[in-house]
Amino acid sequence: MKYGLVLEGGSRKGLYTAGILDVFMENELRFDYVIGVSAGAHAALNYVTGQKGRLKQVLSPESIRMKTHKNGALWRDGILKEMHFMIYKYSFDRKNPFKFNEFFNSDIKCEIAATCADTGRPIYFCDQEEHAHEKEMMLTKIRRNRLLLDHVCASCSLPILFPPLKIGRLTYADGCVTDSVPFDRAFDQGCDKLVVITTQEPWDGPTDFKKWDLLLSPMYKRKWPNLYNALMSRYENYCKQDERLKQLEEEGKVLVFRPREVLCALFENSAEKINESYDYGRRSANNRLEEVKKFLGV
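Here the structure is a predicted model, which means the values were calculated and not measured.

What about unusual backbone geometry?
1) Next: One non-glycine residue with positive phi stands out, namely Glu28, at about 55 degrees.
2) Next: As for its position among the elements, Glu28 is in the loop between helix H1 (14-26) and strand E2 (33-37).
3) Next: Phi angles above zero are rare outside glycine, and Ser38 is one such case at about 55 degrees.
4) Next: If you trace the backbone, Ser38 turns up in the loop between E2 and helix H2 (39-48).
5) Next: For Ser38, a relative accessible area of 9% gives the class buried.

Here it is as structure tokens:
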């Protein structure tokens, strides 16, 4: 039996995921495969390396704060600066660096979901497989580490807020555009059962990018028409995906964590609200710990 872990994004709503995963790690709950999208990619990496508590630090770094000016450009610059810090600079933090070697040598297969802006289709990066062929590819450790972080950055590049990221010959955007909760990919990779952590509150529908068409059309329609089309159909696809997830849950193939309380905002700056979402995640995991263990057969 092969067990998978699927992690949705949601920026700072990922503090809920952080709380759940820390409880999983404390209780040595192991998965054979993990896939993350956007903030869920951060979660996946830190789960694979077993760095309990680090995701909370990544998503709520004390040393940088998003600018809250009413001027849109300044506000956007603040978010860009913060994302660069979290993905690149904080990975080499002296006190709590990301354990690259442990990640690349782990027997847990990890994938990062993104959207190819050129094709408008989901793509799944598996840097560990590239590392396995490191000699053939002549990747240095520095290049290997940077490529992993680039893939995380691509997965986090939410349209409007962040420009698509070019890696090699192709350009990528946030994985949430085409595969917000990639449970089908996990099954395609041979998983028999999945634990899925979502961050979408049931009473708050998924982002409908069609409402932002006046901004999206001039930004993407001409240069990346396939990405634009994917954005326009994202809401309907998410709703279909959610219905499919509920069906799989009824069939006993997936165990889903869904927030039943209000999580912190996507770009929350309040330490109190950030901690509340994290603590709620911990409570959710502890309350369902025996259910998870039974599901995983441990």
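Considering the packing of aromatic side chains
1) Next: For the coordinates displayed, the defined rule picks out eleven aromatic pairs.
2) Next: Note on Phe24 and Phe257: the rings are 6.0 Å apart at their centroids and 70 degrees apart in plane angle, and the pair reads as edge-to-face. Of this pair, Phe24 sits in helix H1 while Phe257 sits in strand E8 (residues 254-257), and the two are 233 residues apart along the sequence. Phe257 matches Phe24 in its accessibility class, with the two residues each being buried.
3) Next: Pairing Phe98 with Phe100 gives two aromatic rings, centres 5.0 Å apart and planes at 90 degrees, and the pair type is edge-to-face.

A word on helix H8 (residues 141-155)
1) Next: The terminal C-alpha atoms of H8, which comprises 15 residues, lie 21 Å apart, in line with the 21 Å expected from a rise of 1.5 Å per residue.
2) Next: Taking burial as the measure, the 15 residues of H8 include eleven buried ones, the bulk of the element.

What about the packing of H1 against helix H13 (residues 271-287)?
1) Next: Contact geometry for H1 and H13: axes closest at 6 Å, N-to-C directions at 40 degrees. Taken as axis vectors, H1 and H13 run oblique relative to one another. Every pair of crossing elements has a handedness; the one defined by H1 and H13 is right-handed. Contacts between H1 and H13 involve Leu15, Tyr16, Ala18, Gly19, Ile20, Asp22, Val23, Phe24 and Glu26 from the first element and Ile274, Ser277, Tyr278, Tyr280, Gly281, Arg282, Ser284, Ala285 and Asn286 from the second.
2) Next: Taken together, the residues that form the contact of H1 with H13 break down as ten nonpolar, five polar and three charged.

What counts and what doesn't
Residues numbered from 1 in each chain as written. Predicted model: local features only at pLDDT ≥ 70, side-chain atom pairs only at ≥ 80, totals over all residues. Heavy atoms only, no water. Helix = DSSP H or I, 4+ residues; strand = E, 2+ residues; numbered from the N terminus. Buried < 20%, exposed > 50% of the residue type's maximum accessible area, 1.4 Å probe, protein only. Phe/Tyr/Trp six-rings, centres within 6.5 Å; stacked < 30°, edge-to-face > 60°. Expected span 1.5 Å × (residues − 1). Axes fitted to C-alpha atoms, helices over the stretch in contact; angles between N-to-C directions. Parallel < 35°, antiparallel > 145°, perpendicular 65-115°, else oblique. Left-handed = near helix turned anticlockwise from the far one by under 90°. Contact = heavy atoms within 4.5 Å. Nonpolar A, V, L, I, M, F, W, Y, C, P; charged D, E, K, R; others polar.

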